[in-house]
Amino acid sequence: MTTIDAQAAVAPLDFAVTRNLAAASPARVAEVLENPGFGVVFTDHMVDICWSLKGGWHRPRVQPYGPIPLDPAASVLHYGQEIFEGIKAYRHADGSIHTFRPDRNAARLQASARRLALPELPTEYFVESLRQLIAVDGRWVPSGADQSLYLRPFMFAKEAFLGVRAAQKVAYYVIASPAGAYFTGGVKPVRIWLSEKHSRAGRGGTGKAKTGGNYASSLLPQALASSKGCDQVVFLNEKNDVEELGGMNVVFVFKDGRIVTPESDSILDGITRDSLLQLAEDRGYTVERRAISIDEWREGVASGDITEVFACGTAAVVTPIGALVGEGFDEPQPIGELALSLREELTDIQYGRREDRHGWLLRLDA
Ligand SMILES: *Cc1c(COP(=O)(O)O)cnc(C)c1O
């Protein structure tokens, strides 16, 4: 079991629960869980906690899922002061519901908050917000293979004020959406477009924070990638080092047993990546977190030194990269077995099929 850091001791929150009287029928829930897709159907409730400069965190609520009243001058709509997280709830064979390393998501939300000048939500409140939602919407956690309930905590500036400064009124919400197997009919390698014209983040920018603006800036290059027949984009930094995809980290496997993943202050530090690399280290691989240039990637594949390249993140877990495509080249990537074998080990832990030797799981429904 994950132990939750008591940072500063915080007063427990007393959630006011308003049940959704128009909650989905059991038949409707069953129908959705049969084929949930991703991020299209939402559960019956949401959690929200207010923050103000004067009052701190207050008014914790569980309420029916629905539109958020927002003043048109709310600063999030003008200056994009927003952060979010992505974490899943997994149903085990005995029916119990667990989440994975929530302390890490809480810490990352706090780090994102610092960068976006938002208030830090204490780890206890973060975990409690997930528990509260599962307490009312636990029936939405699917039990099919590779299915989960995707939890989306987010925080934004709601103060109505057009001056540019950190908002003094902020809202934190959690919504949830059942998620099906990301790949239907087996994991498929993706084609990646090398974005040489656009970057997703710059040195000293917000690339390390999970903030909507990073995604907004990735949409145009992503559309360009699609127009070139690719599934995803890979971004470089100003030194031509590999950063990451729009929403997934990148990992390179070398034939001598080294595993290299990019490190820079503009890469989002993925919890999936960290977990997969820990499992690889447990198997005796040497993990290097360092800069890796696009030349080292292409030459490594050409010489056979690199035997596998994959992307990883909570939504898709692990995706092998099958081709690197750019202006004037289309290079097939070697497909190995490590990516899928690590994927299986990780999901076995998440779904309770294998011993959780690192204490990564936290039970949410008890
Ligand atoms: C969320 C995210 C990831 C993956 O992080 P996980 O914790 O593994 O889900 C990678 N890159 C970006 C830009 C992200 O927003």
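Our subject is the structure that appears above.
So, here's what we can say about the structure. (Residues numbered from 1 in each chain as written. Predicted model: local features only at pLDDT ≥ 70, side-chain atom pairs only at ≥ 80, totals over all residues. Heavy atoms only, no water.)

## Focus: the overall build of the protein
Defined as follows: Numbered from the N terminus, helices here are DSSP runs of H or I no shorter than four residues, and strands are runs of E no shorter than two. Values of the radius of gyration come from C-alpha atoms, whereas the globule rule sets the reference at 2.2 Å times the count of residues to the power 0.38. When a residue's accessible area, from a 1.4 Å probe over protein chains only, is under 20% of the maximum for its type it is buried; when over 50% it is exposed; and in between it is partly exposed. This count recognises Lys and Arg as positive and Asp and Glu as negative, with His and chain-terminal groups excluded. In this description, the location of a charge corresponds to atom NZ of lysine, CZ of arginine, CG of aspartate or CD of glutamate.
A count of helices and strands for the protein gives eight helices and 18 strands. Compactness check: the protein gives a C-alpha radius of gyration of 21 Å against a globular reference of 21 Å for 366 residues, within 12% of the reference. A buried classification covers 52% of the 366 residues belonging to the protein. Taking the average place of the 39 positive charges on the side chains of the protein and the average place of its 46 negative ones, the gap between the two points comes to 5 Å.

## Overview of the environment of Thr 123
In this fold, Thr 123 is placed in helix α4 (residues 123–137). Separated by 19 residues in the primary sequence, Thr 123 and Arg 104 place their C-alpha atoms 9.1 Å from one another.

## Some details on the side chain of Arg 91
Which entries qualify depends on this criterion: Whenever a carboxyl oxygen of Asp or Glu lies within 4 Å of a side-chain nitrogen of Lys or Arg, that contact is scored as a salt bridge. For the purposes of these results, a polar contact is taken to be a pair of N or O atoms within 3.5 Å, where, inside protein, one atom must be able to donate a hydrogen and its partner to accept one; residues adjacent in sequence count only when each atom of the pair is a side-chain atom. A contact between two residues is defined here by any heavy atoms of the two lying within 4.5 Å.
Take Arg 91: it is sitting in strand β5 (residues 87–91). For the buried Arg 91, no salt bridge is present, and the opposite-charge side chain at shortest range is Asp 365, 5.7 Å distant. At a separation of 2.8 Å, a polar atom in the side chain of Arg 91 contacts the main-chain carbonyl oxygen of Gly 95. Setting aside residues no more than four positions away along its own chain, Arg 91 makes contact with Ser 96, Ile 97, Gly 138, Arg 139, Val 141, Pro 142, Ser 143 and Tyr 351.

## Focus on helix α3 (residues 102–115)
Heads up, the rule is: An expected span of 1.5 Å times one less than the residue number is assigned to each helix.
Over its 14 residues, α3 extends 20 Å from the first C-alpha to the last, a length consistent with the 20 Å expected when each residue adds 1.5 Å. Turning to α3, its buried residues number three or more, namely Pro 102, Asn 105, Ala 106, Arg 108, Leu 109, Gln 110, Ser 112 and Ala 113. Taken from the residues just after α3, Ala 117 is the one with a positive phi, measuring 55 degrees.

## What to know about α4
Its 15 residues give α4 an end-to-end C-alpha distance of 21 Å, which sits within 8% of 21 Å, the value for a rise of 1.5 Å per residue. Counting buried positions along α4 yields eleven of 15 residues, so the element is predominantly enclosed. Taken as a whole, α4 has its buried residues at Thr 123, Tyr 125, Phe 126, Val 127, Ser 129, Leu 130, Gln 132, Leu 133, Ile 134, Val 136 and Asp 137.

## Quick word on the pairing of strand β9 (residues 190–195)
For clarity, the cut-off: Here a strand pair is declared whenever DSSP counts at least two bridges between the two strands. Note on handedness: a crossover is taken as right-handed if, strands pointing away from the viewer, the path from the first strand over the helix to the second is clockwise.
Most of β9 sits inside the fold, with five of its six residues counted as buried. Looking at chain direction, β9 and strand β16 (residues 317–326) are connected through four bridges and run parallel. Considered in β16, the bridge of Val 190 is made with Ile 321. Sheet topology note: the β9/strand β10 (residues 232–236) ladder contains four bridges and is parallel. Note on β10: the bridge partner recorded for Trp 193 is Val 233. In the classification by handedness, the crossover that spans β9, the intervening helix α5 (residues 212–227) and the parallel β10 is right-handed.

## Thoughts on the site of the ligand
The condition that has to hold: We call a residue near a given molecule or strand whenever any one of its heavy atoms falls within 4 Å of it. All accessible-area figures derive from a Shrake-Rupley calculation using a 1.4 Å probe, and residue coverage is judged against the displayed protein chains alone.
Inspection of the region around the ligand gives 15 residues, with Lys 210, Tyr 215, Glu 244, Thr 272 and Thr 314 positioned closest. Side-chain polar atom of Tyr 215 to an oxygen atom of the ligand: 2.5 Å apart, as the coordinates give it. One of the backbone N or O atoms of Ile 271 is found 2.8 Å from an oxygen atom in the ligand. For the ligand, whose accessible area on its own is 380 Å², the fraction buried by protein is 97%.

## A short note on the side chain of His 98
Assignment of secondary structure puts His 98 in strand β6 (residues 97–100). Classification of His 98 as buried rests on a relative accessible area of 7%. Engagement of the side chain of His 98 in a polar contact is seen with the side chain of His 92, the distance being 3.2 Å. Among all residues touching His 98, those that are not within four sequence positions of it are Lys 88, Ala 89, Tyr 90, His 92, Leu 361, Leu 362, Arg 363 and Leu 364.

## A look at the environment of Ser 177
Within the element layout of this structure, Ser 177 appears in strand β8 (residues 169–179). When the C-alpha atoms of Ser 177 and Tyr 150 are compared, they prove to be 5.2 Å apart, with 27 residues separating the residues in sequence.

## Some details on the nonpolar core
Note the following rule: Here, nonpolar core refers to any group of buried Ala, Val, Leu, Ile, Met, Phe, Trp, Tyr and Cys residues whose side-chain atoms link them within 4.5 Å.
By size, the foremost hydrophobic cluster in this structure holds 42 residues, and its most contacted members are Leu 121, Met 155 and Tyr 172. Secondary-structure elements contributing two or more residues to this core are α1 (26–34), β2 (45–52), β3 (56–64), β5, α3, α4, β7 (148–157) and β8. The leading source of residues in this core is α4, at seven residues. Setting aside its immediate chain neighbours within four residues, Met 155 contacts Trp 57, Gln 81, Glu 82, Ile 83, Leu 109, Leu 118, Pro 119, Leu 121, Val 170, Ala 171 and Tyr 172.

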